[in-house]
Amino acid sequence: MDPILRNRRRRQALYGWMLLSPSLVLLSLFAFLPTATTAWSSLFSRGTPRRPAVFNAPDGYADLFADPTFWTVAGNNLIYAAVVIPVSIVLALVMALYADAKIPARGLVRSAYFTPTVLPMIAAANLWLFFYTPGLGVIDSITALFGAAPVNWLGSPGTALGAVIVVTVWKEAGFFMIFYLAALQTIPPDLREAARIEGAGRLTYFRRVLLPLLMPTTVFVFINALINSVKMIDHLFILTKGGPDNASKLILYWIWEMAFSFFDQPHAAAMTVLVLLVLAAAALLQFRVLDRRVHYR
Amino acid sequence: MSARRLLARLDAAGALLLALVWVAPLVFAAWAAVHPPGAALDFDLGAPLTLANFETAWVAAPWATYVANTVMLVAFILAGQLVLCTLAGFAFARFSFFGRDTLFVLVLMQLFILPEVLIVENYAMTARLGLVDSIAGMGLPYVASAFGIFLLRQAFKSVPLELEEAARVEGCSWMGVLWRVYVPAARPVYLAYALVSVATHWNNFLWPLIVSQSAEVRPLTVGLSLFGAPESGVDITVVSAATLMTVAPLLLAFLIFQRQFIQAFLRAGIR
């Protein structure tokens, strides 16, 4: 090979690695290594000063599966995801359609939908506390007008998770609206005209034209919503602390509790590994669907 | 024709109703914040107004320190992200070397290995580095952002090679090319990324909660959570006042730069 060319290649490689190295060091320290050590430490028992940690791979996970709290928390998170994801996606789509239509005060309506996105989840939870206060809160004040008895929304096992879900949807829908709004604005207006000339009604146009065209956006939003249903737990710290009796506890909150309140690192690690597996599955889905999206275009 | 007009009216009514429902929590908080503790929940329009709740909230916690901490945290993260992601994005976009594509996939995996999920081991790492209870400890896990690397790589890739060659003919070094050609060309992406980063980390809670232990480094969200927790026994009107105080900077910024803000989120989210 031409020595000048080879020299230049070598220099390219050297520069490339040098430019990457600061990011690689930090990514290793806070993403790759922790992933590996989490998997590793989930295989050990909890160590105490007297009794050092010992290797007991299956036991950590067996304990976890034997713990009824695990099933409660996993079930809660499933319900949380199964309600929050579709409801916030549908609301986001409705908001985007409204925000794209010719309506009065459109700018104001748009920012009203988007405002919760810029608030911290902690602040959102504080705002909603005001709604949920038993007897005195906004909801009970309204239902009292119709003669309903006050409800302890956050303190009853039957309603706590629902109350948490409402706050998440409120926080999230406006964010997803933005993506639908962007997608709607790329759809040529001729399509609507054509559909109208063909005699298609609003619903037909929506179902046969808009929805298929919005499909890639929906997939993108869905995956984001899936990740959020693992990540969005800040409001639990204010609203319910996972209670009453674990009725509104979600996985990440439980991991935090195990690791930082009960100092049970091995079980927290085992739980983390399970979450990482779910996220890896989401990642694969994302990459495959993104591939298809490229072909679609 | 009239059926269509009726539909349009219905649309407008539905849109406004939904908007009202959506801002209601903020409106009620504002209502509570300007009323005396006893009168907040009566919803009497004639009730006397007061700013006392803001005073009570302000003196009850070191808010000025919290704000300063949040500003420092956000600035630390953003500055680190801009430098590291620029270098890494440049390497992925314009250098060819063995292992580059594998590395890029590894970096993309970090989009899914959320720092939030790795709290246990990341805390152990932060402790090993001696960074517990420091701004650096709260910020460092977010500095090498896969998202930022990805965005800037895409932006740099769309810069025409002719521009780079012209700069090289003029005698620019690699760094000169990056600084004079690529960075200016990607300015809108930088702006978008910066807005999203600031909004995200201004609002971040779980990791700062874990790492911060003293009021000297505690950011706004953690401070607010301690202040507003129901068991702290603070009256809801005072909590409302404190909440509004803490969201005011970002909310005002959003209302002023609404267009840019929404554009930024769009640009950042859609590839």
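One numbering rule holds for all chains: residues counted from 1, following each sequence as written. Think of it this way: whatever chain is written first is A, whatever ligand is written first is 1, and the rest follow in order. Only residues with pLDDT of at least 70 get local features here, since the model is predicted, and only at 80 or more are side-chain atom pairs given and counted; chain-wide, interface and lining totals rely on the full set of residues.

**A word on the packing of helix H7 (residues 160-185) of chain A against helix H9 (residues 202-231) of chain A**
Residue and element names in this part refer to chain A.
Phase 1: Viewed as axis vectors pointing N to C, H7 and H9 meet at an angle of 160°, and their least axial separation amounts to 10 Å. Judged by the inter-axis angle, H7 sits roughly antiparallel to H9. H7 and H9 meet at a crossing whose hand is right-handed. For the pair formed by H7 and H9, the contact residues are Glu172, Phe176, Phe179, Tyr180 and Ala183 on the first element and Leu214, Thr217, Phe220, Val221, Ala225 and Asn228 on the second. Under this scheme, a helix contributes an axis fitted over its contacting stretch, all axes are lines through C-alpha atoms, and angles between N-to-C directions fall in the 0 to 180 degree range. Secondary structure elements follow DSSP: runs of H or I no shorter than four residues count as helices, runs of E no shorter than two count as strands, and numbering proceeds from the N terminus. Roughly parallel means an angle under 35 degrees; roughly antiparallel, over 145; roughly perpendicular, 65 to 115; everything else is oblique. Should the near helix be turned counterclockwise from the far one by less than a right angle, the crossing is left-handed, whereas a clockwise turn marks it as right-handed. Residue pairs qualify as contacts under a 7 Å threshold applied to their C-beta atoms, which are placed from the backbone.

**Topic: the interface of chain B and chain A**
Phase 1: If you look at the interface, chain B gives 75 residues, while chain A gives 71 residues.
Phase 2: All amino acids are sorted into three groups, where Ala, Val, Leu, Ile, Met, Phe, Trp, Tyr, Cys and Pro are nonpolar, Asp, Glu, Lys and Arg are charged, and the leftover types, Gly among them, are polar. Looking at the side of chain B that touches chain A residue by residue, the classes come out as 58 nonpolar, 13 polar and four charged.

**Points about the domain arrangement of chain B**
Residue and element names in this part refer to chain B.
Phase 1: Domain start and stop points were drawn from an automatic or database domain assignment. Considered domain by domain, chain B is made up of domain 1 (2-54) and domain 2 (62-269).
Phase 2: Look at where the C-alpha atoms of domain 1 and domain 2 centre, and you get two points 34 Å apart.
Phase 3: Counting from both sides, the interface comprises nine residues of domain 1 and, opposite them, nine residues of domain 2.
Phase 4: Looking at the side of domain 1 that touches domain 2, the elements with two or more residues in it are helix H1 (2-33) and helix H2 (52-60).
Phase 5: Considering each element in turn, the side of domain 1 that touches domain 2 owes the most residues, four residues, to H1.
Phase 6: Tallied by class, the residues present in the side of domain 1 that touches domain 2 amount to seven nonpolar, two polar and no charged.

**Things to note about the nonpolar core**
Phase 1: Judged by nonpolar contacts, the single largest core of 160 residues is most densely connected at A:Ala92, A:Trp128, A:Phe176, A:Met177, A:Leu239, A:Ile255 and B:Ile119.
Phase 2: The element contributing the most residues to this core is H7(A), with 16 residues.
Phase 3: Composition of this core by domain shows at least three residues from each of domain 1 (2-54) and domain 2 (62-269) of chain B.
Phase 4: Not counting residues within four places of it along the chain, the set of residues in contact with A:Phe176 comprises A:Ser88, A:Ile89, A:Ala92, A:Val221 and A:Ala225. By definition, a nonpolar core groups buried Ala, Val, Leu, Ile, Met, Phe, Trp, Tyr and Cys residues that are joined through C-beta atoms within 7 Å. Whether a residue is buried, exposed or partly exposed follows from its count of other C-beta atoms within 10 Å of its own C-beta, namely 20 or more, 12 or fewer, or something in between, respectively; the C-beta atoms are built from the backbone.

**Some points on helix H1 (residues 3-41) of chain A**
Residues and elements named next belong to chain A.
Phase 1: Working rule for helices: expected span equals 1.5 Å times residues minus one. When the terminal C-alpha atoms of H1 are compared, their 49 Å separation across 39 residues is substantially less than the 57 Å that a helix rising 1.5 Å per residue should span.
Phase 2: Residue Ser28 marks the point of greatest curvature in H1, where the axis turns by about 50°.
Phase 3: Every buried residue of H1 is accounted for by Gly16, Leu19, Leu20, Ser23, Leu27, Phe30, Ala31, Pro34, Thr35, Thr38 and Ser41. The seven residues ending at a residue and the seven starting there each receive a fitted axis; the angle between those axes is the bend at that residue.

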